[in-house]
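One-letter residues, chain by chain:
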Amino acid sequence: MLDIAGLSLTEDDKRLLKNPQVGGLILFSRNYHSPQQLSDLIQEVRLCAPQLLIAVDQEGGRVQRFRDGFTRLPPMSVLGTLYSQDRDNAVTVATELGWLMAAELISYGIDISFAPVLDLDFGVSQVIGDRAFSGSPETVTALAGGFIDGMRQAGMASTGKHFPGHGWVVADSHLDVPVDERSLEEIEAQDLIPFTRLIQQGLDAVMPAHVIYRQVDDRPAGFSSYWIGQRLRAGMEFDGVVFSDDLTMEGASVAGSFEARAAQALDAGCDMLLVCNNRPAALQVLDYLEQLGHPGSKRIKRMKAVHSYCFDDIRSTARWQRATGLANQLVNIH
């Protein structure tokens, strides 16, 4: 899965997206100007490469790539506060926001948002922070479960991130190589609880963290056969999709060259490799996959949106009006 630079496809983009080793496209804020432009871009992509999985990070709060013309979503921590006041209502609101986020994206032909965040907020990680629902594993499980239910009702598959948990480390894995010094027992008693329970409830995909859990393995989780193969696949019996986090992040640099990062992520058990904001790196990984003759993963097909909406039709529904009202209220409170 790679990215493009602009608001429409260049000829180079088109050639690249047609490569059979390219399975996905991730969009960023720079790829969005207006609803009509986005609609035109998605149509252009579908005509060029209809099989692609189109993704975006549309979590809410400070991680919402599409804003003008879309409903502003609150940071998920607002739901954690609401949960402390009224648990049942908070889960209901989480379900409505999950549906709203997914339905708006699907109405433009986008398959997935990489959501929800299942990390715990320990009060130290600025890169996670209010993206997390709460610091309580039980609260995160309940609210993320509601959010996933809403996504599922809209027809979107869910992606829990960042396995096995990014919230304890201070360092930002985009810029540094975070090291979590806790024991496996501590991680199991806290961070792994939402992943374990939501996998049991049908979580569709997982994105591992570029974090080294030193007492468990000397490699970041996204390159670790222990975390992905032994723990996630065998121990937790997870048969969903594993997306690598972006291989150009500093947290991935310990694995070496971009080809080495791709090789180690695949060996660990990742189904799809994200290579973003660095076209030369994406080309290097693509060249490696072509030489490898990688067959791809059949699991990826499960992530395609299963419904098709027209945005104007969604906006005419009572549910959209109710959900946008809740979102606006929570954004204003925040």
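A quick note: this is a predicted structure, and the numbers were derived from the prediction, not measured.

Caption draft 1: Geometry of the overall build of the chain. Along the backbone of the chain there are twelve helices and ten strands. Overall, the chain is about 50 × 50 × 30 Å in size when its C-alpha atoms are taken along their principal axes. Across the 334 residues that make up the chain, the buried fraction comes to 57%. Put simply, of all contacts in the chain between residues at least 6 apart along the chain, 77% involve residues at least 24 apart. Roughly 13,300 Å² of accessible area belongs to the chain as shown, and the carbon and sulfur atoms make up 49% of that amount. Across the chain, the centroid of the 29 positively charged side chains sits 4 Å from that of the 42 negatively charged ones.

Caption draft 2: Local environment of the UniProt feature "domain: Glycoside hydrolase family 3 N-terminal" (unreviewed entry) in the chain. The UniProt record annotates "domain: Glycoside hydrolase family 3 N-terminal" (unreviewed entry) at residues 10–292. In the segment residues 10–292, helix accounts for 42% and strand for 11%; the C-alpha atoms at its two ends are 27 Å apart.

Caption draft 3: Local environment of the sheet that holds strand β6 (residues 159–163). Read from one edge to the other, the open sheet built from three strands follows the order β6-β8-β10, with strand pairing classed as parallel. Single-partner strands in this sheet number two, and they are β6 and β10 (241–242).

Caption draft 4: Quick peek at helix α2 (residues 35–48). Its 14 residues place the ends of α2 20 Å apart at the C-alpha level, agreeing with the 20 Å of an ideal helix rising 1.5 Å per residue. All of the buried residues in α2 are Gln37, Leu38, Leu41, Ile42, Val45 and Cys48. End-on view of α2: buried residues confined to an arc of 130°, all on one side of the axis. In this structure, α2 carries Gln36, Gln43 and Leu47 as exposed residues pointing more than 90 degrees from its buried face. Of the surrounding elements, those touching the buried residues of α2 are α1 (11–17), β1 (24–27) and β2 (53–56).

Caption draft 5: Seen up close, the pairing of β6. Summarising burial for β6: five of the five residues are buried, a large majority. Bridge count for β6 against strand β8 (residues 205–208) is four bridges, and the pairing is parallel. Bridge pairing links lysine 161 to methionine 207 in β8.

Caption draft 6: Region of interest: unusual backbone geometry. Here the residue pair alanine 115 and proline 116 is connected by a cis peptide bond, since its omega of 5° sits within 30 degrees of zero. Position of proline 116 relative to the elements: it lies in the loop between β5 (112–113) and α5 (137–154). Phi angles above zero are rare outside glycine, and glutamate 237 is one such case at about 55°. Tracing the sequence through the fold places glutamate 237 in the loop between α8 (225–235) and β10.

Caption draft 7: Structural view of the pairing of β2. Side-chain alternation along β2 places Leu53 and Ala55 on one buried face and Ile54 and Val56 on a second face that is also buried. Judged from the four bridges that link them, β1 and β2 form a sheet pairing that is parallel. Among the inter-strand pairings, isoleucine 26 is bridged to a residue of β2, identified as alanine 55. Taken together, β1, α2 and β2 form a β-α-β motif whose crossover is right-handed. The pairing of β2 with β5 spans two bridges and is parallel. Bridge pairing in β5 places alanine 55 opposite isoleucine 112.

Caption draft 8: Spatial organisation of the sheet that holds β5. Pairing in this open sheet of three strands is parallel, and the strands run β1-β2-β5 from one edge to the other. Every interior strand has two partners, whereas the edge strands, β1 and β5, have only one.

Caption draft 9: Quick peek at the nonpolar core. Residues Leu27, Leu79 and Phe243 are the most contacted members of the largest nonpolar core, which totals 112 residues. The element best represented in this core is helix α4 (residues 87–106), accounting for eleven residues. Once residues lying within four places of it in the same chain are set aside, the contact partners of phenylalanine 243 are Leu53, Ile112, Phe114, Thr159, Ala205, Val206, Met207, Pro208, Met272, Leu274, Ile300 and Met303.

Caption draft 10: View of the side chain of serine 224. Within the secondary structure, serine 224 sits in the loop between β9 (212–213) and α8. If we ignore the near neighbours within four places in the chain, the residues touching serine 224 are Asp217, Arg219, Gly229 and Ala268.

Caption draft 11: Here's a closer look at the pattern of salt bridges. Taken as a whole and judged by the stated rule, the model has 26 salt bridges. Here arginine 182 makes a salt bridge to aspartate 191, at a shortest N to O gap of 2.7 Å. Assigned by exposure class, arginine 182 and aspartate 191 land together as buried. Through salt bridges with shared partners, a single network forms among Asp57, Glu59, Arg65, Arg131 and Lys161.

Definitions and limits used
- Residues numbered from 1 in each chain as written.
- Predicted model: local features only at pLDDT ≥ 70, side-chain atom pairs only at ≥ 80, totals over all residues.
- Heavy atoms only, no water.
- Helix = DSSP H or I, 4+ residues; strand = E, 2+ residues; numbered from the N terminus.
- Buried < 20%, exposed > 50% of the residue type's maximum accessible area, 1.4 Å probe, protein only.
- Contact = heavy atoms within 4.5 Å.
- Areas by Shrake-Rupley, 256 points an atom, 1.4 Å probe, with all protein chains shown as cover.
- Lys, Arg positive; Asp, Glu negative; His and termini not counted.
- Charge placed at Lys NZ, Arg CZ, Asp CG, Glu CD.
- UniProt positions renumbered as here; feature names shortened; annotations may be inferred.
- Pairing = 2+ DSSP bridges.
- Expected span 1.5 Å × (residues − 1).
- Arc of directions from axis to C-beta.
- Right-handed = clockwise from strand over helix to strand, strands pointing away.
- Core = buried A, V, L, I, M, F, W, Y, C linked by side-chain atoms within 4.5 Å.
- Salt bridge = Lys/Arg side-chain N within 4 Å of Asp/Glu carboxyl O.

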